[in-house]
Every structure is written in C-alpha cells, then in structure tokens.
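# Notes for the structure review
Below are the chains, spelled out letter by letter.
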Amino acid sequence: PAPPMPPSRPAYTATPKPAPDKSALDKLAAAAVKTKASGDPKVDPTKRFDLASIDKLISHEKAQQVGATGAKLDPNSSLGAKDRNSAKLSPTLQAALNGWLDARFKQCWTMPLSLPDGDAYVAQVRVNFDRGGNLVGAPQLLNPPPDARWQADVTSVMAAVHACDPLRIPAIYAPYYEAWKMQTIHFDPKQTTG
C-alpha cells in the first residue's frame, strides 16, 4: 500500500490592499507645494541627504531655542550656569553624587573613641562650595546635640568637614555645580561603625 497523501492546502490568494486615502495624500501634496512656494529654506526636495547641511540646520535651530518664559536658552547651561537653565542631574546621577559625598566625608571623619550611651546623635552640617570644591564660609551645624556629652562628636564632625577641603569633585559632576554647591552632610555614627 502507498503512504497516505498529505491533505491538500488551499491555494494562496493575496488579500487586496485598500486604496490609499486620496484626500490625505492631496493634503500632504498641498502642504509640500505651499511650503516650497513660501520659500522656506529648510524644505527643498531637490537636495539630497547631506550631513553638513543637517548639522548646520540643527546648530541654527539650537541657537534660536527659547525657554518657556520666552528667554533665549543659555548654550552654556550644561556648564552649571547660575540660572534656571542650568544642567539638571538625572535621579540616578543624583543618587550617585549623594553616595560619593557621603563616602568622601566619612573618609575624612575620625570619630571619637567613645560615644555617649542612648540614642545616637546624627550631626547635620550645611556646607557651601565654590566651583573648585573649596569651602565658602564657615560650615554650619544645623542641629546642636541635645546633650553636652556629644560635644566631642561635634568637634570631630567639624574637623572632618575641614579635612575634606577642598572637595575634589569628580569630573562627571563638575557640570552640575548647582546640584552640589550647597549640601547638608549627615554624620551618623551607626553608619560608620557598621
């Protein structure tokens, strides 16, 4: 006996594509003609793909950009300019900067050999830096300790702030001066001792 034949498949028939919407095509063609007639130099269908022209056009457009207030955007804003157009840190980069600052100040901090019993005191010190990472003005203790027995800790914290001066900001954070020029550093003995 011969092997059974596979079932026959129906013949392939192409599904006709719907005809393009003539009114939409007419609108696009009319817009192209209108743009060409207005003499807009940005749209010229006779020109071929040219990277130099595209780069020139992008540079021109960037120079013409304005902010939401109508003020021309500062092309140097990525350098950390002092206006509202300065470079902004992404949340990831901000977290990395905060981690770097905490680690840097902990490296400079020598805690007292003994600390008072009870709840830990976490000193909070506000510091201001210039663009070179140098302290500007005196560090400010924001929360004096509730007990005079913590004075040795306060002294060590203030010494740590001065020991880290100048703060050598990594190059990746330098353009974001507005994000690090003023910081509140938390000195938690529990985080240092593990």
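Computed from a prediction, not measured in an experiment: that's the story for all the values here.

Next up on the list: the nonpolar core. Counting residues in each nonpolar core, the largest one holds 28 residues, and the members touching the most others are Phe105, Val127, Phe129, Val161, Trp180 and Phe187. Elements that contribute at least two residues to this core include exactly α3 (91-108), β1 (123-128), α4 (151-163), α5 (177-180) and β3 (182-187). Of the residues forming this core, the biggest block, five residues, is contributed by α3. The contacts of Val127, once residues within four sequence positions are left out, are Leu135, Pro139, Val161, Lys181, Met182, Gln183 and Ile185.

Attention shifts here to the pattern of salt bridges. In this structure the tally under the stated criterion is two salt bridges. Residue Glu178 pairs with Lys181 through a salt bridge whose shortest N-O separation is 3.1 Å.

By secondary structure assignment, the location of Arg104 is in helix α3. Between the C-alpha atom of Arg104 and that of Ala160, which follows or precedes it by 56 residues, the distance is 9.8 Å. Dropping the residues within four chain positions of it, Arg104 is found in contact with Cys164 and Leu167. A polar contact is formed between the side chain of Arg104 and the side chain of Gln107, at a distance of 3.1 Å.

With that out of the way, let us pick up the confidence of the model for the protein chain. In this model, the protein chain carries an average pLDDT of 75, and 56% of its residues clear a pLDDT of 70 or more. Ranking the elements of the protein chain by mean pLDDT puts helix α2 (residues 51-64) last with 55 and strand β2 (residues 140-141) first with 96. Here residues 73-83 scores under 50 on pLDDT; set against residues more than four positions off or in separate chains, the count is 25 contacts.

On to the packing of aromatic side chains, then. Evaluation of the coordinates by the stated rule reveals four aromatic pairs. Residues Phe105 and Phe187 carry aromatic rings whose centres are separated by 6.2 Å and whose planes lie at 80° to one another, so their mutual orientation is edge-to-face. In this pair, Phe105 sits in helix α3 while Phe187 sits in strand β3, placing the two residues 82 residues apart along the sequence. Owing to a relative accessible area of 1%, Phe187 belongs among the buried residues under this scheme. Seen in terms of ring centroids, Trp109 and Phe187 are 5.2 Å apart; in terms of plane orientation they differ by 80°. Their pairing is edge-to-face. Of this pair, Trp109 sits in the loop between α3 and β1 while Phe187 sits in strand β3, placing them 78 residues apart in sequence. Through pairs of rings, three or more aromatic residues link up here, namely Phe105, Trp109 and Phe187.

Here the focus is the pairing of β1. Successive residues of a regular strand alternate their side chains across the two faces of the sheet. Residues Ala123, Val125 and Val127 point to one face of β1 and are all buried, whereas Gln124, Arg126 and Asn128, pointing to the other face, are not buried. Where β1 and β3 come together, six bridges link them in antiparallel fashion. The residue bridging Gln124 from the neighbouring strand is His186, located in β3. In this sheet, β2 lies alongside β1 in antiparallel orientation, the contact comprising two bridges. Residue pairing for β2: Val125 is matched across the bridge by Leu141.

Here is what the cut-offs are and how they apply
- Residues numbered from 1 in each chain as written.
- Predicted model: local features only at pLDDT ≥ 70, side-chain atom pairs only at ≥ 80, totals over all residues.
- Heavy atoms only, no water.
- Core = buried A, V, L, I, M, F, W, Y, C linked by side-chain atoms within 4.5 Å.
- Buried < 20%, exposed > 50% of the residue type's maximum accessible area, 1.4 Å probe, protein only.
- Helix = DSSP H or I, 4+ residues; strand = E, 2+ residues; numbered from the N terminus.
- Contact = heavy atoms within 4.5 Å.
- Salt bridge = Lys/Arg side-chain N within 4 Å of Asp/Glu carboxyl O.
- Polar contact = N/O pair within 3.5 Å; in protein donor to acceptor, adjacent residues only side chain to side chain.
- pLDDT = per-residue confidence, 0-100.
- Phe/Tyr/Trp six-rings, centres within 6.5 Å; stacked < 30°, edge-to-face > 60°.
- Pairing = 2+ DSSP bridges.

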